[in-house]
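Geometric and topological summary
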Amino acid sequence: MSEQTNLNDEELRRYARHISLPSFGMEGQERLKESSVLCIGAGGLGSPSTMYLAAAGVGHIGLVDMDEVDASNIQRQLLHGTDDIGRKKIESAKDTIHNINPNVQLDVYGDAFSPDNSIIIAQSYDIIIDGTDNFPARYLVNDVAKILRIPNVYGSVFRFEGQVSVFAPHLDGPCYRCLFPDPPAPGAVPD
């Protein structure tokens, strides 16, 4: 008797190596398919994040970015290629992500993540990835994640250094604002 699954035949072939891992298996793959992740930013941090999430089989990905693809960024923003220069990043990202995995439900938001729309956008996701490059957005992502009681995955890169952290105050951990209560003054930190 075969096991019931919510994965179709194509997904079973696609994720066969995940499924074959004893500590992951069918249950782990099905949980990935049922999960949802919102990524704020389709740039240097959001590009690899969303590409790997799609490839792994996360079922629902949201992507927020209001910028256009710029030639000076495509060497590190892998969602976008030369033919995408001048396009909206979310449109380029949508094409790339669906090429990586057409089974992913992808929601794109072409406006800035702002106090006016942030809760509405984020409320249907399990996790928020902060792929932003400015402090007002970073603090907003933190506050929204805290209000909605969902984890906030934070990353930053400066030159040859990077850092990543997961903040989950709803699980008795600190939040970003707990560690850095006040944003730095404008111009005090290099971008």
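An account of the accompanying structure is given in this report. Nothing here was measured: the structure is a model prediction, and the numbers come from that model.

1. Description of the pairing of strand β4 (residues 127-130)
As paired elements, strand β1 (residues 36-40) and β4 share four bridges and run parallel to each other. Directly across from Leu 38, in β4, lies its bridge partner Ile 128. Bridge count for β4 against strand β5 (residues 152-158) is three bridges, and the pairing is parallel. What sits directly across from Ile 129, in β5, is Val 153. This β-α-β element, β4 to helix α7 (residues 135-148) to β5, shows right-handed connectivity.

2. Brief notes about α7
In this model, α7 (14 residues) spans 20 Å end to end at C-alpha, consistent with the 20 Å of a helix rising 1.5 Å per residue. Of the residues making up α7, those classed as buried are Ala 137, Arg 138, Tyr 139, Leu 140, Val 141, Asn 142, Val 144 and Ala 145. Those residues of α7 hidden inside the fold are in contact with β1, α6 (118-122), β4, β5 and α8 (176-179). At the N-terminal boundary of α7, the capping side chain belongs to Asn 134, with an oxygen 2.9 Å from the backbone nitrogen of Ala 137. With its phi angle positive at about 60°, Arg 149 sits one or two positions after the end of α7.

3. Quick notes on the pairing of strand β3 (residues 105-109)
As paired strands, strand β2 (residues 60-64) and β3 are joined by five bridges and run parallel to one another. Residue pairing across strands places Ile 61 opposite Leu 106, the latter belonging to β3. Note on the crossover from β2 through helix α5 (residues 89-100) to β3: the handedness is right-handed.

4. Remarks on the sheet that holds strand β6 (residues 161-167)
In spatial order, the strands read β3-β2-β1-β4-β5-β6; together these six strands make up an open sheet with mixed pairing. Bordering the open sheet on either side are β3 and β6, each of which pairs with just one other strand. On average, each strand axis in the sheet is inclined to that of its neighbour by 15°, with strand direction left out of account. Relative to the sheet, α5 contacts β2 and β3, its axis offset from that of β3 by approximately 170°. Sheet strands touched by α7: β1, β4 and β5. Its angle to β5, the strand with the most contacts, is close to 165°.

5. Section: unusual backbone geometry
You will see that Arg 149, though not glycine, has its phi angle at about 60°, which is positive. Of note, Arg 149 is situated in the loop between α7 and β5. The backbone of Arg 159 sits at a positive phi, close to 55°, despite the residue not being glycine. Inspection of the secondary structure assignment puts Arg 159 in the loop between β5 and β6.

Rules used in this analysis
- Residues numbered from 1 in each chain as written.
- Predicted model: local features only at pLDDT ≥ 70, side-chain atom pairs only at ≥ 80, totals over all residues.
- Heavy atoms only, no water.
- Pairing = 2+ DSSP bridges.
- Helix = DSSP H or I, 4+ residues; strand = E, 2+ residues; numbered from the N terminus.
- Right-handed = clockwise from strand over helix to strand, strands pointing away.
- Expected span 1.5 Å × (residues − 1).
- Buried < 20%, exposed > 50% of the residue type's maximum accessible area, 1.4 Å probe, protein only.
- Contact = heavy atoms within 4.5 Å.
- Polar contact = N/O pair within 3.5 Å; in protein donor to acceptor, adjacent residues only side chain to side chain.
- Axes fitted to C-alpha atoms, helices over the stretch in contact; angles between N-to-C directions.

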